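# Descriptive structure summary
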Amino acid sequence: MNHWLMKSEPDVYGIDDLEKASTDYWDGIRNYQARNMIRDQMKPGDLAFFYHSNTKEPAIVGIMEIVSEGYPDDTAFDPNEKYYDPKSDPANPRWYRVDVRFVRKLRRPITLRELKTIPELADMPLLRRGNRLSIMPVTPEQWHRILQLEEQAPAA
DNA sequence: GCCAACGTTGGC
DNA sequence: GCCAACGTTGGC
C-alpha cells in the first residue's frame, strides 16, 4: 500500500467539503508528474493526507482513502469547466483523476510550520524549496512520524 | 499583494 | 532544440 499527500486550497475544496461528500473526485490535476502518479501508481486502498495549501496556516488536516484506479478526467473535455484543456483528446486522454473517500480529520491540524521542525521529514518534497507538486508520495516512515505528531501537543 | 521557483509555450 | 516570455503555484 502506498501513502500520499494531496494539496487543495480550502477556499476551493477543503476537508469539510470532502467530509460532506464522503466520496468525491480528485480532479483538475494538470501537471504531468502528478498525472503519472495518479495514473500509474495510485491504487484503491492507498491512504493520503489531505493538505490545505495557499491559506493562512498551511497544514495537513485529514486522511482520505483512494478508492479507484486512475481514470480519464473528463473535466478536461468540457469547455465550460475551469480545467478545460482543448489539447486533451477523449480518444487519448491527457489528464487523469481518482476517486477518494473521507476517512477522518486529524485531531489537530499539523501545520507546515511544525512539519519543518521535524528532522525526519526534511526529505519530503513538501518541505523542499520551490517544490510545487500537488500530489506527492509519502514514505511509511514519514506517514507514521506525522501521525505521532498528531498525538502530541503542538511544538510551536 | 509580493515574489521566487518552476513549468509551459512558441518563435526562431 | 534553444531559450525568452509568460503563467501558475503557494509560502510569506
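Refer to the preceding data block for the structure.
As a starting point, this report considers the structure included with it. (Residues numbered from 1 in each chain as written. Chains lettered and ligands numbered in written order. Predicted model: local features only at pLDDT ≥ 70, side-chain atom pairs only at ≥ 80, totals over all residues. Heavy atoms only, no water.)

## With respect to the pattern of salt bridges
Put simply, the rule reads: Only one rule defines a salt bridge in this text: a Lys or Arg side-chain nitrogen within 4 Å of an Asp or Glu carboxyl oxygen. Helix and strand assignments follow DSSP, with helices taken as H or I runs no shorter than four residues and strands as E runs no shorter than two, numbered in order from the N terminus.
With the rule as written, the count across this model stands at 15 salt bridges. Note that Glu150 and Arg104 form a salt bridge whose closest N and O atoms lie 2.8 Å from each other. Residue Glu150 is found in helix 4 (residues 140-151), and its partner Arg104 is found in strand 6 (residues 96-111); the two are separated by 46 residues along the sequence. Here the salt bridges share partners, and the residues they tie into one network are Arg30, Asp73, Asp74 and Arg97.

## Brief notes about the protein's contact with DNA strand B
Here is the rule: Any residue with at least one heavy atom within 4 Å of a molecule or strand is counted as near it.
Taken together, Tyr32, Lys87, Arg129, Gly130 and Arg132 make up all the residues around DNA strand B. At the protein interface, 74% of the atoms of DNA strand B within 4 Å belong to sugar or phosphate.

## Quick notes on unusual backbone geometry
This is how it is decided: We call a residue buried when its accessible area falls under 20% of the maximum for its residue type, exposed when it is over 50%, and partly exposed in between, using a 1.4 Å probe and counting protein chains only.
The phi angle at Ser22 is positive, at roughly 70 degrees, despite the residue not being glycine. Note on placement: Ser22 falls in the loop between helix 1 (15-21) and strand 2 (23-26). Phi is positive for Asn54, which is not a glycine, with a value near 50 degrees. Mapped onto the secondary structure, Asn54 falls in the loop between strand 3 (47-52) and strand 4 (59-66). Accessibility expressed as a relative area gives 61% for Asn54, which makes it exposed.

## Digging into the packing of aromatic side chains
This is how the line gets drawn: In this scheme Phe, Tyr and Trp rings, the latter by its six-membered ring, pair at centre separations within 6.5 Å, and the angle between planes marks the pair as stacked below 30 degrees, edge-to-face above 60, and tilted otherwise. Geometrically, a lysine NZ or arginine CZ counts as sitting over a ring once it is within 6 Å of the ring centre and also within 35 degrees of the ring normal.
Summed over all chains, the structure comprises 3 aromatic pairs. Note on Trp26 and Phe50: the rings are 5.3 Å apart at their centroids and 80 degrees apart in plane angle, and the pair reads as edge-to-face. Here Phe50 lies in strand 3 and Trp26 lies in strand 2, a separation of 24 residues in the sequence. Overall, Trp26 belongs to the buried group, its relative accessible area being 7%. Consider the rings of Phe49 and Trp143, whose centres lie 3.8 Å apart with planes at 20 degrees: the pair is stacked. Of this pair, Phe49 sits in strand 3 while Trp143 sits in helix 4, and the two are 94 residues apart along the sequence. Each member of the pair, Phe49 as well as Trp143, is classed as buried. The ring of Tyr96 carries the charged tip of Arg39 above its face, separated from the ring centre by 5.9 Å. A cation over a ring is seen here: Arg97 above Tyr25, with NZ or CZ 4.1 Å from the ring centre.

Keep in mind that these numbers describe shape and distance, not what the molecule does.
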